[in-house]
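# A structural walkthrough
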Amino acid sequence: MQMKPWTIITHSAAATQALAARLGRALAAAHPDAGAVLALSGDLGAGKTTFVQGLACGLGITAPITSPTFILVNRYRLPDGRRLHHADCYRLKDAPLEMWDIGLDDLLAGDDIVVIEWADRIPGLLPDDHLEVAFTYVDDTQRSLTFRPYSAAWDGILARLQAAAESGLPETLDAPCH
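This write-up is about the structure you can find in this document.

Rules of the game
- Residues numbered from 1 in each chain as written.
- Predicted model: local features only at pLDDT ≥ 70, side-chain atom pairs only at ≥ 80, totals over all residues.
- Heavy atoms only, no water.
- Helix = DSSP H or I, 4+ residues; strand = E, 2+ residues; numbered from the N terminus.
- Expected span 1.5 Å × (residues − 1).
- Buried < 20%, exposed > 50% of the residue type's maximum accessible area, 1.4 Å probe, protein only.
- Arc of directions from axis to C-beta.
- Axes fitted to C-alpha atoms, helices over the stretch in contact; angles between N-to-C directions.
- Parallel < 35°, antiparallel > 145°, perpendicular 65-115°, else oblique.
- Left-handed = near helix turned anticlockwise from the far one by under 90°.
- Contact = heavy atoms within 4.5 Å.

The next subject is helix 5 (residues 152-166). Look at helix 5: 21 Å from first C-alpha to last across 15 residues, which is about the 21 Å you get at 1.5 Å a residue. For helix 5, every residue scored as buried is listed here: Trp154, Ile157, Leu158, Leu161, Ala164 and Ala165. Buried residues in helix 5, looked at end-on, bunch into an arc of 115 degrees, giving them a common side. Within helix 5, the exposed residues directed more than 90 degrees away from the buried face are Ala152 and Glu166.

Rendered as C-alpha cells:
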C-alpha cells in the first residue's frame, strides 16, 4: 500500500547527506530490532550513493561508504550488530534474475537494513513494506528527492522526517561520520 509521497530539494551533497542521516536516526529509533528496505532510483550522479553515506552515518556506521557498482553488495556493521546491505543493480544485464541469484531474498528476509540503488531495475522483487526514494538531478548542486512510503511504519518515519525538514534541517552533517 503506497502512502502519500513527499518531495524535498536539497541544495548540496552535504545537505543530501544530512537529510539521509536524519532518516537513518529516525529509522534506527523506529525499527531498533527489525529489518528495513529502501529502494533508490535516479540517473547517474543524482545522489544515491551520497544519500546512502548520510543514511549510514545516521545509523551509526563510521566506515567509509562506497558505491557497490562493481561488487554488487557492500556490507557494513551497525553498532547494534545488524548489517547495512548496500546493493547496486546498475551493471546487471538481467537484474531481477541476477539479484535473485546473489541472494536478495535472504537479505530481505532478515533483520538487517537493505538499500538498493537502481531498484527500478528489479520490479516485483521488493517487499510490500519498503521506502522508495527517487532522485532527480536539478542542477550541479541541487537534487529533488521524492519519498514514497509503502507501509504505515514508513509513513510514520517519513512524517517525522518531513516535520524536521519543515523546522529546518542542517545543511551539513551534525558531526563527521568518518
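Past the structure itself, the notes keep going.
Bringing the packing of helix 1 (residues 13-30) against helix 5 into the picture now. One way to put it is that helix 1 packs onto helix 5 with a least axis distance of 10 Å and a crossing angle of 135 degrees. Considering their axes alone, helix 1 and helix 5 lie oblique with respect to each other. Seen from above, helix 1 lies across helix 5 with right-handed handedness. Residues Leu19, Arg22, Leu23, Ala26, Leu27 and Ala30 of helix 1 form the contact with helix 5, whose participating residues are Trp154, Ile157, Arg160, Leu161 and Ala164.

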